[in-house]
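Here is what each chain is made of, one letter per residue.
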Amino acid sequence: MAAPRETDATFAQMVQQHRAAALQLLRRLAPADAEDLVQEALAKAWRYRASFVPGASSDGGRAWLMRAAFRAFLDHRRRVGAPAAVDPSELAQRAAPGRCPAADRDELARALLPLRPLERALLLGFHGERCSLDELARRHGLPRNTVKSHLHRARRRLAAPEDPEARDE
Amino acid sequence: MSDHPLFGDAAFDARLQRCLDDGVDPLDDRAICDWLLEHPDALPAVAQLRERLQGMAAAGAPPAAATARRRLVPRIAVLSAATVALCGMLLRGAGSAPPTPAPVGRLVSWSVHQRDSGHSAAVTAHRAVADSTRLRIRVTDTWRILR
């Protein structure tokens, strides 16, 4: 077993290596509080560093730190209280310049570009315009379940890293 | 990959999609959070998806001026397409810019700016990914032309 000082050095190295990824995750989850939350996550991670086993995973501790960051986010939500549900219509009604900064819009637009036209239309219709599945089915002349499966596939594509081959067909 | 479960776990994928179909934040679902704590590698993708879907909801309606602008769009689009084609030829002729991927999304406006005391110019193009009365999302690209 490694000596405590050696373990601390390895831990510090792991944190230095993966802090940016943890911060990026928290920026996506809680943009306004990301900096505070990453500090909180790192402080907690330091307290529980004994549970970090260097070399136990091939990712050099990245998953361990991401889990710590996610726990910090969940604790934060419990403290401040999160809405029981995301209401896209409410979000859309509240939308105003500044709520979705230009840079974010650009990132979103670029993420949508590689999708197939139908997938893009369904995503924007369901999540942007807040149409129901039935409305989208009527609009596109497709069965409801077909709309649903296209929508699910579109979400998977939106979650996946950029895929240069997934261009418009 | 898109025909397969997002995270290689069909049950998780189904639960995540059901939450989104119902307009529920997946991170309010205890089972989803527990799964993510067990599979932290999936966190970035889930966070990215959630952020993008919320971004779509927050994109909001276009300003009233957009209605008038939309009437001009067909004429502008024709002119813009011709201009971009011309710029493309210039870029290829100059050999000074890296190849750019074919633009996707409808071109809605463009402009040419002189830069660096006349030694270069830039073409800026705005493309619409979504442009309805209730939702407008655009992407902007700039190409630099060296003389």
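So, how was this worked out
- Residues numbered from 1 in each chain as written.
- Chains lettered and ligands numbered in written order.
- Predicted model: local features only at pLDDT ≥ 70, side-chain atom pairs only at ≥ 80, totals over all residues.
- Heavy atoms only, no water.
- Helix = DSSP H or I, 4+ residues; strand = E, 2+ residues; numbered from the N terminus.
- Buried < 20%, exposed > 50% of the residue type's maximum accessible area, 1.4 Å probe, protein only.
- Contact = heavy atoms within 4.5 Å.
- Areas by Shrake-Rupley, 256 points an atom, 1.4 Å probe, with all protein chains shown as cover.
- Polar contact = N/O pair within 3.5 Å; in protein donor to acceptor, adjacent residues only side chain to side chain.
- Axes fitted to C-alpha atoms, helices over the stretch in contact; angles between N-to-C directions.
- Parallel < 35°, antiparallel > 145°, perpendicular 65-115°, else oblique.
- Nonpolar A, V, L, I, M, F, W, Y, C, P; charged D, E, K, R; others polar.
- Phe/Tyr/Trp six-rings, centres within 6.5 Å; stacked < 30°, edge-to-face > 60°.
- pLDDT = per-residue confidence, 0-100.
- Arc of directions from axis to C-beta.
- Left-handed = near helix turned anticlockwise from the far one by under 90°.
- Salt bridge = Lys/Arg side-chain N within 4 Å of Asp/Glu carboxyl O.

S.K.: With reference to specific residues and values, describe the overall build of chain B.
M.R.: A count of helices and strands for chain B gives four helices and three strands. Of the regular secondary structure in chain B, the N- to C-terminal order runs α-α-α-α-β-β-β. Going through the 147 residues of chain B one by one, you find that 46% of them count as buried. In chain B, the share of contacts with a sequence separation of at least 24, taken over all contacts with a separation of at least 6, comes to 42%. For chain B, the accessible surface area stands at approximately 7600 Å², while carbon and sulfur atoms represent 58% of it.

S.K.: Quick rundown of the overall build of chain A? Include the residues and the values.
M.R.: Along chain A, the regular secondary structure elements total eight helices and zero strands. Start at the N end of chain A and walk to the C end: the helices and strands fall as α-α-α-α-α-α-α-α. When contacts within chain A are restricted to residue pairs at least 6 apart in sequence, long-range pairs at least 24 apart make up 63% of them. For chain A, the accessible surface area stands at approximately 9400 Å², while carbon and sulfur atoms represent 52% of it.

S.K.: I'd like to hear about the environment of Asp134(A), residue by residue, with values.
M.R.: All names here are of chain A. As for its position among the elements, aspartate 134 is in helix H7 (residues 133-140). The exposure class assigned to aspartate 134 is partly exposed, which follows from its relative accessible area of 37%. Each C-alpha atom of the pair aspartate 134 and arginine 144 lies 6.0 Å from the other, and the pair is ten residues apart in sequence. Only 3.0 Å separates the side chain of aspartate 134 from the side chain of arginine 144, close enough to count as a polar contact.

S.K.: So what's going on with the packing of H7(A) against helix H8 (residues 144-159) of chain A? Residues and values would help.
M.R.: Residues and elements named next belong to chain A. Between H7 and H8, whose axes approach to 9 Å, the crossing angle comes to 100 degrees. Regarding the angle of H7 to H8, the classification is roughly perpendicular. Here Leu133, Asp134, Leu136 and Ala137 of H7 come into contact with H8, specifically with Arg144, Val147, Lys148 and Leu151. Partitioning the contact of H7 with H8 into residue classes produces five nonpolar, no polar and three charged.

S.K.: For the packing of aromatic side chains, give the residues involved together with the corresponding values.
M.R.: In total, this model carries four aromatic pairs over all chains according to the counting rule given. Ring geometry for Phe70(A) against Phe73(A): centres 6.1 Å apart, planes inclined by 20 degrees, an arrangement best described as stacked. Of this pair, Phe70(A) and Phe73(A) both sit in helix H3 (residues 62-80), three residues apart, which is roughly one turn of the helix. Here the aromatic rings of Phe12(B) and Trp35(B) are separated by 3.9 Å at their centres, their planes lie at 15 degrees, and the arrangement is stacked. Here Trp35(B) lies in helix H2 (residues 30-38) and Phe12(B) lies in helix H1 (residues 10-21), a separation of 23 residues in the sequence. Like Trp35(B), Phe12(B) is buried. Among the aromatic residues, those joined into a ring-pair cluster are Phe11(A), Trp46(A) and Trp64(A).

S.K.: Tell me about the confidence of the model for chain B, and please be specific about residues and values.
M.R.: Residues at a pLDDT of 70 or more form 55% of chain B, whose mean pLDDT is 70. Predicted complex metrics record ipTM = 0.80 and pTM = 0.67.

S.K.: Go over H7(A) with me, naming the residues and quoting the values.
M.R.: Residue and element names in this part refer to chain A. Taken together, the buried positions of H7 are occupied by Leu133, Leu136 and Ala137. For H7, the buried positions fall inside an angular range of 105 degrees around the axis, keeping them on one side. Elements in contact with the buried residues of H7: helix H6 (117-128) and H8.

S.K.: I'd like to hear about the packing of H8(A) against helix H3 (residues 43-59) of chain B, residue by residue, with values.
M.R.: When two helices pack together, their arrangement is captured by the angle between the axes and the distance separating the axes. Following both chains from N to C, one finds H8(A) and H3(B) inclined at 115 degrees, their axes separated by 8 Å at the closest point. Taken together, the axes of H8(A) and H3(B) lie roughly perpendicular to each other. When the axes of H8(A) and H3(B) are compared, the crossing they make is right-handed. In this structure, H8(A) contributes Arg155(A), Leu158(A) and Ala159(A) to the contact, and H3(B) contributes Ala45(B), Gln48(B), Leu49(B), Arg52(B), Leu53(B) and Met56(B). Looking at the contact of H8(A) with H3(B), its residues break down into six nonpolar, one polar and two charged.

S.K.: Got a sec to walk through H2(B)? Specific residues and values, please.
M.R.: Along an α-helix, residues three or four apart share an orientation, since each turn contains 3.6 residues. Here H2(B) has its buried residues at Ile32(B), Cys33(B), Trp35(B), Leu36(B) and Leu37(B). Among the structural elements, H3 of chain A together with H1 and H3 of chain B are those in contact with the buried residues of H2(B). Its side-chain oxygen at 2.9 Å from the backbone nitrogen of Ala31(B), Asp29(B) defines the N-terminal cap of H2(B).

S.K.: Let's hear about the pattern of salt bridges: which residues, and what values?
M.R.: Where charged atoms of side chains with opposite charge meet at close range, the side chains can pair. Counted by the stated rule, this structure contains 19 salt bridges over all chains. We note a salt bridge from Glu51(B) to Arg28(A), for which the minimum N-O separation is 2.2 Å. Taken as a pair, Glu51(B) in helix H3 and Arg28(A) in helix H1 (residues 4-29) lie in two separate chains rather than in one. Classification of Arg28(A) as buried rests on a relative accessible area of 17%.

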